[in-house]
Structures are given as structure tokens and as C-alpha cells.
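Structural characterization, general
These are the residues of each chain, in order.
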Amino acid sequence: MKKRILWFCCANTLIATLLFFVLQRSHLLPGDTNTLFYLGPHFNKLFNPDFSKNLANDFLIVDTSEDLMLVEKRIPGKNQRHVSGNIAITDRGKLAEFFKRLNKAQNHNLVVCNLLFDQDSPVDEALTSEMQRSKDLLVAQGRDSMVVRPIFKGLPSGLTEIYTSAGTVSKFRLFEKNENTILKSLPLLMAEHMLGDTTVPGNFVSHLGNQSIFNDFSLEEFVHADEVAHFTLGFLTDKDLSNERFMKMVQDKIIIIDNLDNNTKRTLYNSQTPTAIFLANTYLSIHNGRNGFSIPFLVTLCIVFAFFSYLVAQPQNRFQKSIFKLPLMGVFIGGAGYILSFIMISLVFYVVFHNNLNLIYMGMFFYLENLVINRRFHLRRIQKRLNIR
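Residues numbered from 1 in each chain as written. Predicted model: local features only at pLDDT ≥ 70, side-chain atom pairs only at ≥ 80, totals over all residues. Heavy atoms only, no water.

Description of the overall build of the protein
On a plain count of helices and strands, the protein comes out with 13 helices and 18 strands. Scored against the burial criterion, the 389 residues of the protein give a buried share of 50%. Partitioning the intrachain contacts of the protein with sequence separation of at least 6 by distance along the chain shows that 74% fall at a separation of at least 24. With the model as given, the accessible surface of the protein reaches about 19,700 Å², and the carbon-plus-sulfur share is 55%. (Helix = DSSP H or I, 4+ residues; strand = E, 2+ residues; numbered from the N terminus. Buried < 20%, exposed > 50% of the residue type's maximum accessible area, 1.4 Å probe, protein only. Contact = heavy atoms within 4.5 Å. Areas by Shrake-Rupley, 256 points an atom, 1.4 Å probe, with all protein chains shown as cover.)

Notes on the sheet that holds strand β1 (residues 59–63)
Whenever strands of a sheet pair, they do so through backbone hydrogen bonds, lying parallel or antiparallel. In space, the six strands of this open sheet follow the order β6-β5-β4-β15-β1-β14, with parallel pairing throughout. Each having just a single partner strand, β6 (157–159) and β14 (229–232) make up the two edges of the open sheet. Each strand of the sheet is rotated relative to its neighbour by a mean of 25 degrees, with strand direction disregarded. With three bridges joining them, strand β5 (residues 137–141) and β6 adopt parallel strand pairing. Bridging from a neighbouring strand, Ala140 pairs with Gly158 of β6. (Pairing = 2+ DSSP bridges. Axes fitted to C-alpha atoms, helices over the stretch in contact; angles between N-to-C directions.)

Description of the sheet that holds strand β12 (residues 211–214)
Reading across from one edge, β10-β11-β12-β18 is the order of the four strands in this open sheet, with antiparallel pairing throughout. Each edge of the open sheet is held by one strand with a lone partner, namely β10 (199–200) and β18 (292–293). Pairing analysis gives two bridges linking β10 to strand β11 (residues 205–208), with the strands arranged antiparallel. Across the sheet, residue Thr199 finds its bridge partner in β11, namely Leu208.

Some thoughts on the pattern of salt bridges
For side chains of opposite charge, pairing can occur when their charged atoms come near one another. Within this structure, the stated rule accounts for ten salt bridges. A salt bridge links Asp216 to Arg25; the nearest nitrogen and oxygen atoms lie 3.7 Å apart. With Asp216 in strand β13 (residues 216–218) and Arg25 in the loop between α1 (3–24) and α2 (39–47), this pair connects stretches of sequence that are 191 residues apart. Residue classification places Asp216 among the buried residues on the basis of a relative accessible area of 1%. Residue classification places Arg25 among the partly exposed residues on the basis of a relative accessible area of 34%. A salt bridge links Lys94 to Asp67; the shortest N-O distance between them is 2.7 Å. One end of the pair, Lys94, is in helix α4 (residues 92–105); the other, Asp67, is in the loop between β1 and β2 (68–74), and 27 residues separate them in sequence. Lys94 sits in the partly exposed class, given a relative accessible area of 30%. Assessed through its relative accessible area of 6%, Asp67 is described here as buried. (Salt bridge = Lys/Arg side-chain N within 4 Å of Asp/Glu carboxyl O.)

What about the nonpolar core?
Formed by 36 residues in total, the largest nonpolar core has its most connected members in Phe59, Leu174 and Val223. Of all the secondary structure elements, the ones that give two or more residues to this core are α3 (51–56), β1, β4 (110–113), β5, α6 (186–195), β15 (254–258) and α9 (275–287). Counting residues per element, this core draws most heavily on α9, at eight residues. Grouped together as the second largest cluster of nonpolar side chains are 28 residues, Val139, Leu233, Leu241 and Met249 included. (Core = buried A, V, L, I, M, F, W, Y, C linked by side-chain atoms within 4.5 Å.)

What about the environment of Ala276?
Its place among the elements puts Ala276 in helix α9. A sequence separation of 162 residues divides Ala276 from Asn114, and the C-alpha atoms of the two residues are 7.6 Å apart. Apart from the residues within four sequence positions on either side, Ala276 is in contact with Ile61, Ile256, Asp258 and Leu260.

Looking at α4
Counted at 1.5 Å a residue, the expected span for α4 with its 14 residues is 20 Å, and the 20 Å between its end C-alpha atoms agrees. Within α4 the residues assigned to the buried category are Arg92, Leu95, Ala96, Phe98, Phe99, Arg101, Leu102, Asn103 and Ala105. Where α4 begins, the side chain of Asp91 points an oxygen toward the backbone nitrogen of Gly93, at a separation of 3.0 Å. Directly after α4, the chain includes Gln106, whose backbone phi takes a positive value near 50 degrees. (Expected span 1.5 Å × (residues − 1). Polar contact = N/O pair within 3.5 Å; in protein donor to acceptor, adjacent residues only side chain to side chain.)

Description of the packing of α1 against helix α10 (residues 295–313)
α10 packs onto α1 with a crossing angle of 130 degrees between their chain directions and a minimal axis gap of 8 Å. One way to sum up the angle between α1 and α10 is to call them oblique. Considering the relative orientation of α1 and α10, their crossing is right-handed. Contacts between α1 and α10 involve Ile5, Phe8, Cys9, Asn12, Thr13, Ala16, Thr17, Phe20 and Phe21 from the first element and Phe297, Leu298, Leu301, Cys302, Phe305, Ala306, Ser309, Tyr310, Val312 and Ala313 from the second. The class makeup of the residues in the contact of α1 with α10 is 15 nonpolar, four polar and no charged. (Parallel < 35°, antiparallel > 145°, perpendicular 65-115°, else oblique. Left-handed = near helix turned anticlockwise from the far one by under 90°. Nonpolar A, V, L, I, M, F, W, Y, C, P; charged D, E, K, R; others polar.)

Some words on the side chain of Arg290
Relative to the elements of secondary structure, Arg290 occurs in the loop between α9 and β18. At 2.8 Å, the side chain of Arg290 forms a polar contact with the side chain of Glu220.

Okay, here's the thing in C-alpha cells:
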């Protein structure tokens, strides 16, 4: 191998690796709700169809959409001033009753209250008293902590901010940095609680216990809305529901409290995914290592990039293209070959390392390099097709 090609392969592999880490933080989509570039989850469902059903049994969703109360609307950031009119919020009296029942049972794994307490109500003292007594509790918090009412600020909370690209969620970010403060997301705190570990944040890669993980990662649909048991808040606080049945319903469950009707996200897999299901799937992605990072992963990635760097560096004119005469190698003269190859490489990484990656942008990167480096060859191809001398 010529030294020029060797040096190019080494330098280009380093550039491609750095580009991969930068793109890993990007939340851009290759297509609107297009799962073609995420073959890993389809592969998993094909060979393990009951995987999602088994995971769905770990969750219980409490739907608050039918149990509302009216309170006076408050201007965010102001302590006492209100505007005229009312606003509908979750019935906090029923919510207090639910936590009272839950505190008696004390047999759940975790309760996640994905409700933003940004308005006052007459029953807040009773509700916070029960929530403070509750074990294994997480409460939603916006990036601006000022909007949360002071009485709820002492509760353990996690960030609910979710990035969207063109209205669609393609990736999830584990935490945000607000000046010198790290704001962890609800799914990350859920994973920390269930795994019994804490996260040490980094720029591109963080550490959850002994595992290295990407801060931003592509989502996977582990469970569906129709697979997870969900009940209204009113049903779970009804006096006709016996304590024995209630205890059986919440036993060993991760309970997510949310408004299923008004709190939805558009994801790669569904145009209206309830945020409660989104939180469950994001937690499961972390818990099942779908955002894991390791040295073998990095070495394999570099080998792939070095191979494609070598293909790009090869002269592709009709006198010096012997490598492209090998079986299946001819496709790398065209852009479709690069893109399809990186889709398949993403599948390989899913099977081997369990990462749900979209590497199509890397395929486009190498193809653009091909066009620039071998521009005379590609220009002659175009001229030949258009019959231009």
C-alpha cells in the first residue's frame, strides 16, 4: 500500500470517528418517521416477538385525562398575581388519595409523576404531605425550575425536556447542563434507581455505574400503548376498589402518572405516542444497554471507517479499479452502495453491540468524499451517460 493512501486512511478514519461523535449528538432525521434506517428493532421483533409483551408487564400507567379540577390560572414566574379565568389541571384531591393508597401498599418499584406542578390548588398541602411520604418517587420538572410551585420543589425531580426535529423525536438526551448544574432526565433517573447506580456526566459519553453510555441515542419502541396496563386516576381511587386488588395491581410495578390524551409525542414509530410510553421506552433503552459504548465498539467502528477510507482513496478510473471487480465491490462506485452498506452495518452493530444506530450520514460522508477525490472519474461517467464528449 502506498504511503499516501496509508496516511489518508489513518487521517480520514480519525476525521470520520470525530464526525460520528458529533452526529451522535445531532437530532436530525434522515426522513419523516422513516424506520428504514433503524433495522435493528425490526430484526429484534422478527426473532423475539414476545420481547415487548414481557417488558410491558413491568409498568402501570395512571391516566389523569378524565380526572380534572379547575383552578385560577397563574402567570408563570409571578408568586401572587393571577389572570382572570380558570385552567383545568389534574384533580389533586384524587392524586393525594392515590398516593395515600400507594403509601399503605408500599409494594411498587418506582412511581414517576409526569405532571408539571406549575399551578396552585387548595389541596396542595395534603398532596405534598402524601408525596413526601411516598418511597421511590420521581416528579417532572421543566428546565425553568421557577415555574414549579414552591411547595413541590423539595420533591425528587427529573427533567422532562424532549428535543424534536421537524416535530418528530428521533433521539433522546440524557441530561442538560444549566450553567454549573446538571439536570438529569426522568428516564435517566429511572434507570439509576432501578440499576442502583449513579451517572458521571461527560461531553459525548457518560458513565452509568461501570458502563459507558452515549448521552444522545436513537430511540427504540420496546413496548406499545396497548400492551401496558393503564387505568384512570378515578378508578384507582374509587372506594369500590378493594385495597387487596389495588395492592395486586401496583405490586412490583413502575408506575407512570400522566395525561394520556393531552401529552403525546411524534416518534419514528408512531405519530401520537403517549409520553408515558415514551418515558418507558427511553428507560428500557438505557436499562437494556441500547446506548452503550465500549472499546470493542470503538475499535470496530474505526475498522469500518478505515475500510471505507481505503475504498475512497482507490483510483476508480477504468485502468486502476481492480479492487472494484471483486464480487459486490462494484456497488461502492455509486452513492446507493454506500448508504445501503451503512444501513446494514447499523444492523450488525445492533446485533453485536445492541446499539440502535443510524449510520446513513456516515455513508453519505464517504460517498461525498468519493465524489470529490475521484471527481474526474465521476465526471467522465456522467459525460458518457449523457453522450457528451
